[in-house]
Amino acid sequence: MAPPATKRRKLSHSGESSSGEDSFMGFGGENSDAISENGAAGNGQYDSSTENLASFEDEISGDDSEESSEGEREEEEEEDTEHQVGAKKQDSVKAGKPHRNLGTSLQDGVYTSEVYKSNIFKLQVDELLEQVKLKYGKKEAPAENAMRTLKTIIEQLPRQGPFSIPDAQVSLKPQGVTVPFPNPRPPIDAKYKLQYDRPASINATGSYPLKTATRTEEGLTIDMVVTMPKSIFQDKDYLNHRYFYKRAFYLACLAAGIKKSKEHRFKVSFDCLNGSYLQPVLIISPSGNGDTDDFSSSKCRVRIVPAAPEGVFPLSKLLPSSNCIRPKEGKDEVEGKPLVPTPFYNSALQSDASVTSYLKLLHAASGKCDGFQDACILGRIWLQQRGFGGAVQEGGFGNFEWAAVMALLLQSSSTAGSSPLSSGYSSYQLFKATLQFLAKRDMLKTPYSVQAFNANLPKGDTAPIFFDAERGLNLLFKMTPWSYARLQHEAHISMDMLGDSVFDQFDTTFILKADVWKYRYDSTLAIPLAAMGLDPNSSKYEVDLFEKSRKMYNTLVRALTDRVTQIAFTLPKRTSWPITASQPSADPQSCILVNFATDPANANRAVDHGPSAENKKDAAAFRQFWGEKSELRRFKDGSILESLVWSIKDTSIPVLEQIVLHVLQKHVSATIVETATFSSDGFSRLIPSGRIQGQSGVTPFLPCMNAFAQLEKDIRALEGLPLNIRHLKAADAQLRYASIEPPTTTGSVREPSSVVVQFEGSARWPDDLCAIQRTKIAFLLKLSDLLAVAHPKNIARVGLENPSQPSQNQAFLDIILPSGFSFRLRIHHDREATLLDRQLKDKSLDGQSREAAASALAAYNKDFLRIPAHTQVLQSLCTRFPALSPSIRLTKRWFASHLLTPYFAPELIELLVVRTFVQPHPWPIPSCATTSFLRTLAWISRWDWRHVPLVVDLSSSSPSVPGVEEIGSSSLKPEDMEKIRLRFQAWRRIDPAMNRVVLFAATNMDMEGNTWTDKGQPEKVVATRMTALAKAATNAVRVEDKKMVSLTLPQIGDQHASPDMAPTFDPTTLFTPALADFDIIIHIASKHTKTHLKATSASTAKFKNLLNHEQHKLDASSPEIAAVGFDPIALFVADLKSIYGEAVLWFWDLERGDVVAGLWNPQVAGRRGWKVRVGWNSVPVKGGKKEKKGEESTEIELNKEAVRNEILRLGGALVRGVEVVR
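What counts as what
- Residues numbered from 1 in each chain as written.
- Predicted model: local features only at pLDDT ≥ 70, side-chain atom pairs only at ≥ 80, totals over all residues.
- Heavy atoms only, no water.
- Helix = DSSP H or I, 4+ residues; strand = E, 2+ residues; numbered from the N terminus.
- Buried < 20%, exposed > 50% of the residue type's maximum accessible area, 1.4 Å probe, protein only.
- Contact = heavy atoms within 4.5 Å.
- Areas by Shrake-Rupley, 256 points an atom, 1.4 Å probe, with all protein chains shown as cover.
- Axes fitted to C-alpha atoms, helices over the stretch in contact; angles between N-to-C directions.
- Parallel < 35°, antiparallel > 145°, perpendicular 65-115°, else oblique.
- Nonpolar A, V, L, I, M, F, W, Y, C, P; charged D, E, K, R; others polar.
- Core = buried A, V, L, I, M, F, W, Y, C linked by side-chain atoms within 4.5 Å.
- Domains from an automatic or database assignment.
- Salt bridge = Lys/Arg side-chain N within 4 Å of Asp/Glu carboxyl O.
- 1 Å grid on protein atoms, 1.4 Å probe; cavity = no way out; pocket = protein on both sides within 12 Å on 5 of 7 lines; lining within 4 Å.
- Points joined across faces, edges and corners; volume = space filled by probe spheres on them.
- Pairing = 2+ DSSP bridges.
- pLDDT = per-residue confidence, 0-100.

Participant: Please give an account of the overall build of the protein chain that cites residues and values.
Facilitator: Scanning the protein chain for helices and strands turns up 38 helices and 32 strands. Taken across its 1222 residues, the protein chain has 56% of its residues classed as buried. Within the protein chain, contacts between residues at least 6 apart in sequence are counted, and of these 73% link residues at least 24 apart. Accessible surface for the protein chain amounts to roughly 51400 Å². Of this, 50% is attributable to carbon and sulfur atoms.

Okay, structure coming up:
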């Protein structure tokens, strides 16, 4: 591998931080250090770390200016790219790893920043191009030798024919070759003859000679064009497939000659050029026997493409508006009907006749524009990462189309006048300008032509039109309305990405594989070909398939209207076949896949309004389209409209599925409902009320939010408070639509929602921290008394917390409403921050006091500033993005199911999901919980948290959020990103072992980055576990995605891709904890688990009318009320932590509470020397090392059986059993 042009440098780390991670089970190396040193890092070093952080930031920012004059230092990079582009893995530059010595590679930084997005972006592009370009060296030499050999063989083939159709087939049978005639097959009594003559020319074409080829996972394909001589064609051969029959015979003769060669051995097979059944080609693969002709080492194949000579047919006969397939006996002409144009047929023929012309065009563009070749490679990568290809089934827009469009845009156009692109553009400018052209211009509605001043082009109702008049070809003839719509959509998204001035979008543009269906689409419909009434053996099968697909597409577009943003079809794909057989028929059990990207604001709408009853014509058309589903309704505004009503109950199938199956059954085939398989939002069922209902994803939380609003109203109306209330802010996941289970009156009474109360300022507040806490208690007691008088049905009680931390909040007030909802109020007084900051800066205080002040200040900022602000912003975001709330809940369920929740702040998990919505690139904003959840896991699996911070811009939630301004809520700017980067690097320098801050999560409101992750939460081993689980889940999703794609492939033997055998992916597999990975497992008795308690509460729930009459019976002494905020499992684990300390790392599920798992610290599990107060139950072992002659030292090891018995004794009735795995 050639070294990069510019060396890069990063901050040096210690051996602990740069060494590889041990496995989760091993704990070893740096993980053990992280555990053993966590206490010291979190306590004794708290003050010094905070004070030194600013100086480290200054030192790092100073390094940036000094490093340019110092010697270069090569950077060691850990690259974990999403997809391998080319033969080698990409060493792309991470956003968190800045380049050093940029001036050595950029002669003019100002010019580069204007021509490219940024200097670093330019370096990234250069490095990418360096990695993916072919070297044209020894590796490709065997393939070039094979091409020369093939050229020699073809040139020596003898002339054959002319033959009639039957004789032509018979002539090749002795050589074991079948002529690959396309459908419809030629008539036996055809008057024309088929023959083979020496080719006019043989040339390499395509990207290989143009030097724009790249290596892919499928290998390199080199095109070799064999131009057929004019002598074998007649003037009328462009009609009725005559040209394609002669082409097929010519190709069969080539195959027979190559196969017949005794001196040279190759594997020969037929395939379709770009999926077109009209254009078979020869695929030459290496023999693999190691002889002189074997080019296996090149990892490529040669594709022999027959081409028509230039000018063999008049261009006017092959225009998109012409008809070249005449009906038998001229029926349409006799009846006076106009002939239907055959644009695909015409363009396929003309594309064969213009191969050499386009090769000359691309070579001329390459010589005229220096950046053309690199722009072609960038476009190739962009298309490849989004699943586009030249084949009809892959969208019909591939590498050739990109290069040809760009070359023609460098010329003047009859539509645009001057050339849209300039030859002085850089490769990036060419790439971006081509994307802009594709995104902005709708060539379905307005055909685009190059040098066609008098051409009469029809609107592209079947395909978009980019017409090259000089060569008479519509370059986009292989595209369909749905593939063109997707191309435009992708171009729009990429233009938005490249216009982002804050975040580096290089990876999302070129590196990230963005064609995974489950990340892009929300629903998929699999329809077997047999259900559409298509006969694969019919001569018109291909034409009928495309016509029915277009009809289905138009029907779905009309039916779904604004419910969907994209509808994409994936048609059955063609594969190669042996030269001894005819073109294989399609498998009737292979499927057409229809993918839907939905608009969550409209997808679940229950009622559709049609035309007014007074509009007779439109109303009749509406009823004809919808059938018996249409009904006439009067609405509140007095209008009488044709309407459609769909069921939105949880028990019913989704509205989208109801609509799709109804219209397809009515307009396409009645058997579709029985045979088609519809899948959508499969993960939403794993959480209560996970499916978006109506137009909002926060509907399940409305009762709780209404109860909170009523409580705020009641508290503000109280008379007798010493001070008026300034703010009453929500500060809980339940009040920001983010708790796994929505609050209900039966199941969630045990978990109060946190609320922050702030009173108006007053000079009578004490100026002592302890006195302030006592004043808070007095305020809460007064508030409790006033509530008891004003609302006797409410239950209010004061509780105490943090008894060992007198500087932190000491009291709260629990309020339980008659409806069953409960709230926990804490008082916020802004004077506390001033006093704590004063203590922190007081050098006369001892280290322990200053450390306590620092901890109290951090808790104050988090509890009273950050969490309320985060809650307000998230409320706004959940209202704006309907799928955000269920997505957060589903992601939290995943963390909880794998026992990780205790180590991750709820706000951190929420930020991970919010990032998927506010920074969704390279995909659009998610529309359902499943899509967002899977994308979030995919990003976590790619996140290199050791070197890259998590940065989320929350300012897109709304222009202004009340109450957030006081801590800053402006959108992120490039200088803000630089500050965050410097602070992140400072943390990594002062804490290289990541004992205190493992994950760094910053937002525009919180640029500190450690609010949710301080004090080793999560620990490094837990973060590594998170990444490993996310990678495993992502791999499972990709495997499932490939299985779904396989439904479109022809099946071998008796294996059929019917929906009955479609992959049945069970979402619960991603939520099953791997308990075998843990060392000790504690099973909680079922009656004490949260699942059992919630089920019991739900089973005892009464009807609403009875419940209202019994609300006054709530008693403060009842067990149900006493259990508010009581979590026995959390208290049990707290006891375990206090007993075993660092010897065991405990994991448990905060939501279910049915199991507690632990890992032995490897320093504890192994043998060690005996000492007093080791901290855990141990047992002596023999065989220790000899300290003196004849003496052996006493060694001990963990007494696992004794620990098991201690846990059983401590847990009592709470524990059902303890299992020691290892």
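Participant: Would you mind going over the packing of helix α21 (residues 616–626) against helix α22 (residues 655–667) in detail, with residue names and values included?
Facilitator: Between two packed helices, the angle of one axis relative to the other and the distance separating the axes together describe the packing. Direction vectors running N to C along α21 and α22 enclose 95 degrees, while the axes themselves pass 9 Å from each other. When the interaxial angle is binned, α21 and α22 end up roughly perpendicular. For the pair formed by α21 and α22, the contact residues are Gln624, Phe625 and Trp626 on the first element and Ile659, His662, Val663, Lys666 and His667 on the second. Its residues assigned to classes, the contact of α21 with α22 comprises four nonpolar, three polar and one charged.

Participant: Describe the nonpolar core, with residues and values.
Facilitator: Phe823, Leu825, Leu884 and Phe904 are the most contacted members of the largest nonpolar core, which totals 123 residues. By residue number, the principal contributor to this core is helix α27 (residues 847–880), which donates twelve residues. Each of two domains, domain 3 (698–863) and domain 4 (1076–1220), supplies a minimum of three residues to this core. In this structure, Phe823 is in contact with Cys704, Ala707, Phe708, Leu711, Leu735, Pro752, Ser753, Val755, Leu813, Asp814, Ile815 and Leu817, ignoring residues within four places of it in sequence.

Participant: Please provide a residue-by-residue account of the pattern of salt bridges, values included.
Facilitator: Between side chains of opposite charge, a pair can form as their charged atoms come close. For the structure shown, the criterion picks out 42 salt bridges. We note a salt bridge from Glu741 to Arg893, for which the minimum N-O separation is 4.0 Å. Remark: Arg893 occurs in helix α28 (residues 884–897) and Glu741 occurs in the loop between β19 (725–730) and β20 (753–759); sequence separation between them is 152 residues. By relative accessible area, Arg893 is classed as buried at 14%.

Participant: A description of empty space enclosed by the protein should follow, citing residues and the corresponding values.
Facilitator: Taken as a whole and judged by the stated rule, the model has twelve cavities of 30 Å³ or more. Taken together, 14 residues form the lining of the largest cavity, with Ser523, Thr598, Asn604, Asp681 and Cys928 sitting closest to its centre. Residue composition of the lining of the largest cavity, grouped by class: six nonpolar, five polar and three charged.

Participant: Please give an account of the sheet that holds strand β31 (residues 1195–1198) that cites residues and values.
Facilitator: Here three strands make up an open sheet; going across it, the order is β29-β31-β30 and the pairing antiparallel. With partners counted over all chains shown, the strands left at the sheet margins are β29 (1168–1169) and β30 (1178–1181), one partner each. The pairing of β29 with β31 spans two bridges and is classified as antiparallel. Considered in β31, the bridge of Arg1168 is made with Ile1196.

Participant: Provide a residue-level description of the pairing of strand β17 (residues 640–645), including the pertinent values.
Facilitator: The pairing of strand β15 (residues 607–612) with β17 spans four bridges and is classified as antiparallel. Bridge pairing in β17 places Val607 opposite Val645. Bridge count for strand β16 (residues 631–634) against β17 is four bridges, and the pairing is antiparallel. Its bridge partner lying in β17, Leu632 is registered against Glu642. In textbook terms, the turn of a hairpin is the stretch between consecutive antiparallel strands, and for β16 and β17 this stretch comprises five residues, one of which, Gly638, has a positive phi near 90 degrees.

Participant: Outline the confidence of the model for the protein chain, supporting the account with residue identities and numerical values.
Facilitator: Summary statistics for the protein chain give a mean pLDDT of 82 and a share of 82% for residues scoring 70 or more. Low confidence marks residues 1–48, where pLDDT is under 50. Its contacts with residues over four positions away, or in another chain, come to 113 contacts. Here residues 957–968 is a poorly scored stretch, pLDDT under 50, and it has 24 contacts once near neighbours within four places are set aside; other chains count.

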